[in-house]
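As a plain string of letters, each chain reads:
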Amino acid sequence: MAVILDGKALAKETEAALTERVRKFKERTGRVPQLATILVGNNPASATYVKMKGNACARVGMLSKRIEMPGETTTEQLLGQIGALNADPLVDGILLQHPVPKHIDERAAFEAISLEKDVDGVTSLGFGRMSMGCGAYGSATPTGIMRLLDHYKIDIEGKFAVVIGRSPIIGKPMAMMLLNRNATVVICHSKTRGLPDIMRYADIIIGAVGKPKFIKASWIMDGAVVVDAGYHPGNVGDIDLEGASFKAGAYTPIPGGVGPMTISTLILQTMDAAEKSVS
Ligand code: NAP
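Engineer: Is there a simple way to explain the packing of aromatic side chains in this structure?
Structural biologist: Each pair of aromatic rings is reported with the distance of its centres and the angle of its planes. For the coordinates displayed, the defined rule picks out one aromatic pair. Considering the side-chain rings of Phe 214 and Trp 219, the 6.0 Å spacing of their centres and the 85° angle between planes classify their relative orientation as edge-to-face. The exposure class of Phe 214 is partly exposed, given its relative accessible area of 29%. Of the residues examined, Trp 219 reaches a relative accessible area of 16% and is grouped as buried.

Next up, the structure:
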């Protein structure tokens, strides 16, 4: 029987511990940790994600400052807003919801977030420092996946891991995190040839393709650990989980796998940032 990597349950445990940390922090410093979220435009899915992040803050007693900017916001205006949040001593973490409207230079906006407040791990500096093991907040989704694998004591060292997807927020940082834990890592992308053959010997599979049920059960080795970062309407991921779940040694369900871990990691890292700011 495959082990279900229950992100929902672990996120709940994390929230219970965070509630206590927030209480103690408030007692000690007289202030409450705060996450600022920036939503540009009116993408309904993005609005839902931002709302879920604000709700998670509220559940653990943290503050969230919700900044909504119109779709016609310019890069300069967005950079100005990020600069103001960087300078605000009451803001511990900044989340810029991806994607922003196409006319905005999203990379420039991410880079403008100060390293200390980059709790979503989106800056190049944060990525570089995380990759070098020099201390920085990792990108929330892959960090959440690593926390989930560790919670279930999944062996990583020496394993053959295949990451499908190379985006700056999931695939690339995921690969570096697995590499730093001594996995042998292959990163696949849209130009990769022979994906099913590459995957056939994978001990750990991370699906971050953004295409529903793209990865087929028949490509997966029996006993593999299958992590699906994808999320699509109808509770479908990037992996054909129905077929994969009985072959896998362990797998993340949808919903209740990676999604809750992303949000939980974001607020956990905001708490860490608040504690660092006063230490
Ligand atoms: P993305 O930026 O669109 O990246 C998708 C990656 O998949 C790209 O690197 C792309 O390759 C690769 N790809 C596309 N077609 C492929 C193919 N035929 N074979 C192999 N690789 C292929 O997506 P993302 O932001 O990383 O998100 C990935 C998924 O995670 C989405 O379903 C998204 O909804 C989900 N997501 C979930 C959470 C969560 O909290 N659970 C958070 C964020 C995102 P190229 O680089 O060559 O184009």
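Engineer: I'm lost on the site of the ligand in this one. Help?
Structural biologist: Residues in close proximity to the ligand total 22 residues, the closest being Arg 166, Ser 167, Ser 190, Ala 229 and Thr 262. Ala 229 is positioned with one of its backbone polar atoms (N or O) 3.2 Å from an oxygen atom of the ligand. One of the backbone nitrogen or oxygen atoms of Tyr 231 is found 3.3 Å away from an oxygen atom of the ligand. Out of a free accessible area of 930 Å², the ligand has 72% covered by protein chains. At three residues, helix 10 (residues 258–278) tops the list of elements feeding residues into the shell around the ligand.

Engineer: Teacher, can you tell me more about unusual backbone geometry here?
Structural biologist: Backbone phi values are negative for most residues with the exception of glycine, while trans is the configuration of most peptide bonds. Cis rather than trans, the peptide bond between His 98 and Pro 99 has omega equal to 0°. Following Ile 254, the chain continues to Pro 255 via a peptide bond in cis, the omega torsion being 0°. For Lys 213, which is not glycine, the phi dihedral falls at a positive 50°. Along the polypeptide, Lys 213 turns up in the loop between strand 7 (204–207) and strand 8 (225–228).

Engineer: In this structure, what is going on with the packing of helix 6 (residues 140–151) against helix 7 (residues 171–180)? I would like to understand it.
Structural biologist: Packed helices, taken two at a time, are described by the angle between their axes plus the distance between the axes. Close contact between helix 6 and helix 7 brings their axes to 9 Å; oriented N to C, the two are set at 35°. Residues Pro 142, Thr 143, Ile 145, Met 146 and Leu 149 of helix 6 pack against Pro 173, Met 174, Met 177 and Leu 178 of helix 7. When grouped by side-chain class, the residues that make up the contact of helix 6 with helix 7 number eight nonpolar, one polar and no charged.

Engineer: Could you clarify how one ought to interpret the pairing of strand 4 (residues 93–96) in this entry?
Structural biologist: A regular strand carries its side chains on alternate faces of the sheet. A two-sided burial pattern is seen for strand 4, the buried positions comprising Gly 93 and Leu 95 on one face and Ile 94 and Leu 96 on the other. Here strand 2 (residues 34–40) pairs with strand 4 via four bridges, running parallel. Pairing of Ala 36 across the sheet is with Ile 94, part of strand 4.

Engineer: When you look at the pattern of salt bridges in this model, what are you seeing that I'm missing?
Structural biologist: Where charged atoms from two side chains of opposite charge approach closely, those side chains can pair. All told, the structure shown has 11 salt bridges when counted by the stated rule. As a salt-bridge pair, Arg 59 and Glu 15 come within 2.8 Å of each other at their nearest N and O atoms. Taken together, the residues span a long stretch of sequence, with Arg 59 in helix 2 (residues 44–60) and Glu 15 in helix 1 (residues 7–29) at a distance of 44 residues. Residues Arg 200 and Asp 197 are paired through a salt bridge, measuring 3.1 Å at the closest nitrogen-oxygen approach. Where salt bridges share partners, they join Glu 20, Arg 23 and Glu 27 into one cluster.

Criteria and cut-off values
Residues numbered from 1 in each chain as written. Predicted model: local features only at pLDDT ≥ 70, side-chain atom pairs only at ≥ 80, totals over all residues. Heavy atoms only, no water. Phe/Tyr/Trp six-rings, centres within 6.5 Å; stacked < 30°, edge-to-face > 60°. Buried < 20%, exposed > 50% of the residue type's maximum accessible area, 1.4 Å probe, protein only. Near = heavy atom within 4 Å. Polar contact = N/O pair within 3.5 Å; in protein donor to acceptor, adjacent residues only side chain to side chain. Areas by Shrake-Rupley, 256 points an atom, 1.4 Å probe, with all protein chains shown as cover. Helix = DSSP H or I, 4+ residues; strand = E, 2+ residues; numbered from the N terminus. Axes fitted to C-alpha atoms, helices over the stretch in contact; angles between N-to-C directions. Contact = heavy atoms within 4.5 Å. Nonpolar A, V, L, I, M, F, W, Y, C, P; charged D, E, K, R; others polar. Pairing = 2+ DSSP bridges. Salt bridge = Lys/Arg side-chain N within 4 Å of Asp/Glu carboxyl O.

Keep in mind these numbers describe shape, not what the thing actually does.
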